[in-house]
Amino acid sequence: MFIDTHCHLTDRYTDGIENVISRATDAGVGIMICPTAAPGDIAQAIEIANLYDNIYCTIGIHPESAPVDADSCITDEILQKPCVVGVGEIGLDYHYSADTRHEQIKLFEQQLEIAKRNALPVAIHTRDAEEDTAAILKGDVRGVMHCFTSSWNLAKKMLDRGFFFSASGILTFKNSAEIRETFAKIPTDRIVIETDAPYCAPVPHRGKTCEPYMVVETARVLADIKNLQLDELETILMENVKNLYPKIQM
């Protein structure tokens, strides 16, 4: 089976979450991980994960929500639920919100401490913030660089720190040659895949609302990059997810 390690199931989909999940299942996507981005997503993500045995969630606050007090939203009780496998998505984003840099860093560091306290991996969002991201992610923390489109320079640093890297539909875009070159260099046992649904629909679904079933298209491109058969890659990715998110039951 394929695993969509990052799909925002709390977002609105035109014909309902049940059909989104059904299409994913029909495409061979057996497990989906739903991250949160804002405090208001948390209860809904947990509710969805409790309704479906093959859905898990990561709980975190996106940098665009800064300033927020993470400790008041992300309690140890929430993170200890069986369906919660990590803390995310968290990180830094200076592309649109550079004016909140200090608030973002405070929120990021606060959530990293929460993850460490609960011995959970983190799902990291970074955009136009490589230097600060690398500086903050030193120390005893592990996880995944979600929807990784940053430089090989950052990839090398985070590889040395034990991180995984998630390929999204962006990997399939015509103008993403540099990203494909980066994933060609990243060891296969450190890669997972995602859709980041409802965003970043892969080729040949560009222009559509992205859904978890589309993660298979990213897998096809990644298999070509790694010179693997699709079923070989499928097995490797399952093992990688087990290593990244040990709480997931397969």
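Keep in mind it's a predicted model, so treat the numbers as computed, not measured.

Conventions adopted
- Residues numbered from 1 in each chain as written.
- Predicted model: local features only at pLDDT ≥ 70, side-chain atom pairs only at ≥ 80, totals over all residues.
- Heavy atoms only, no water.
- Helix = DSSP H or I, 4+ residues; strand = E, 2+ residues; numbered from the N terminus.
- Rg over C-alpha atoms; globule rule 2.2 N^0.38 Å.
- Buried < 20%, exposed > 50% of the residue type's maximum accessible area, 1.4 Å probe, protein only.
- Contact = heavy atoms within 4.5 Å.
- Areas by Shrake-Rupley, 256 points an atom, 1.4 Å probe, with all protein chains shown as cover.
- Lys, Arg positive; Asp, Glu negative; His and termini not counted.
- Charge placed at Lys NZ, Arg CZ, Asp CG, Glu CD.
- Right-handed = clockwise from strand over helix to strand, strands pointing away.
- Pairing = 2+ DSSP bridges.
- Phe/Tyr/Trp six-rings, centres within 6.5 Å; stacked < 30°, edge-to-face > 60°.
- Disulfide = S-S within 2.5 Å.
- Arc of directions from axis to C-beta.
- Axes fitted to C-alpha atoms, helices over the stretch in contact; angles between N-to-C directions.
- 1 Å grid on protein atoms, 1.4 Å probe; cavity = no way out; pocket = protein on both sides within 12 Å on 5 of 7 lines; lining within 4 Å.
- Points joined across faces, edges and corners; volume = space filled by probe spheres on them.
- Nonpolar A, V, L, I, M, F, W, Y, C, P; charged D, E, K, R; others polar.
- Salt bridge = Lys/Arg side-chain N within 4 Å of Asp/Glu carboxyl O.

### Side note on the overall build of the protein chain
Counting its regular elements, the protein chain contains ten helices and eight strands. A compact globule built from 250 residues should have a C-alpha radius of gyration of about 18 Å, and the protein chain, at 17 Å, falls within 12% of that. Dimensions of the protein chain, computed from C-alpha atoms along their principal axes, come out at roughly 45 × 40 × 30 Å. The proportion of buried residues among the 250 residues of the protein chain is 56%. Across the protein chain, every contact between residues at least 6 apart in sequence was considered, and the portion connecting residues at least 24 apart equals 68%. When the accessible area of the protein chain is evaluated, it comes to approximately 11000 Å², of which 47% is carbon and sulfur surface. With 23 positive and 37 negative side-chain charges, the protein chain shows a spacing of 4 Å between the two charge centroids.

### A word on the pairing of strand β2 (residues 29-35)
Among the seven residues of β2, six are classified as buried, and the element is accordingly described as predominantly covered. Remark: the strand β1 (residues 2-4)/helix α1 (residues 17-26)/β2 crossover connection has right-handed handedness. Pairing geometry for β2 and strand β3 (residues 55-58), over four bridges, is parallel. Paired with C34 across the two strands is C57, which belongs to β3. Traced from β2 through helix α2 (residues 42-51) to β3, the parallel crossover comes out right-handed.

### Quick look at the packing of aromatic side chains
Within this structure, the stated rule accounts for one aromatic pair. Look at F148 and F165: their rings are 5.0 Å apart centre to centre, the planes differ by 80 degrees, and that puts the pair in the edge-to-face class. Here F148, found in the loop between β6 (143-145) and α7 (152-160), pairs with F165, found in strand β7 (residues 164-167); they are 17 residues apart in sequence, far enough to count as distant. Judged by relative accessible area, which is 4%, F148 ranks as buried.

### Topic: the state of the cysteines
Evaluated as defined, the whole model comprises zero disulfides. Looking at C34, it has no disulfide partner, and the nearest cysteine sulfur is the one in C7, 6.4 Å off. In this model C83 remains outside any disulfide bridge; the closest cysteine sulfur is found in C57, 4.1 Å from its own. Residue class for C83 comes out buried when judged on its relative accessible area of 8%.

### A word on α1
For α1, the set of buried residues is I17, V20, I21 and A24. The buried side chains of α1 occupy one side of the element, clustering within an arc of 95 degrees when seen end-on. Exposed and facing more than 90 degrees away from the buried side of α1 are E18 and D26. Looking at the buried positions of α1, the neighbouring elements they touch are β2 and β3.

### Some remarks on the sheet that holds β2
Paired through backbone hydrogen bonds, the strands of a sheet run either parallel or antiparallel to each other. What the eight strands build is an open sheet, ordered β1-β2-β3-β4-β5-β6-β7-β8; its pairing is parallel. Each edge of the open sheet carries a strand with a single partner, namely β1 and β8 (191-193). Looking at each pair of strands side by side, their axes are set apart by 30 degrees on average, direction ignored. Of the pairings in the sheet, the one linking β6 to β7 comprises two bridges and is parallel in character. Across the sheet, V144 pairs through a bridge with F164, a residue of β7. Against the sheet, α7 engages β5 (122-127), β6 and β7, with an angle of about 135 degrees to β7.

### Some details on the layout of surface pockets
If you add up the space inside the largest pocket, you get close to 600 Å³. Contributing to the lining of the largest pocket are 23 residues, with D93, H125, R127, C147 and D196 lying nearest its centre. Those elements that provide at least two residues to the lining of the largest pocket are β4 (84-93) and β5. Per-element tally for the lining of the largest pocket: the top contributor is β5, with four residues. Across the lining of the largest pocket, the residue classes tally to seven nonpolar, seven polar and nine charged.

### Some points on the pattern of salt bridges
Applying the stated criterion across every chain yields a total of seven salt bridges. Of the charged contacts in the structure, one is a salt bridge between D132 and R101, with a shortest N-O distance of 2.8 Å. One end of the pair, D132, is in helix α6 (residues 130-136); the other, R101, is in helix α5 (residues 101-117), and 31 residues separate them in sequence. D132 sits in the buried class, given a relative accessible area of 16%. A network of salt bridges, in which partner residues are shared, links D15, R23 and E211.

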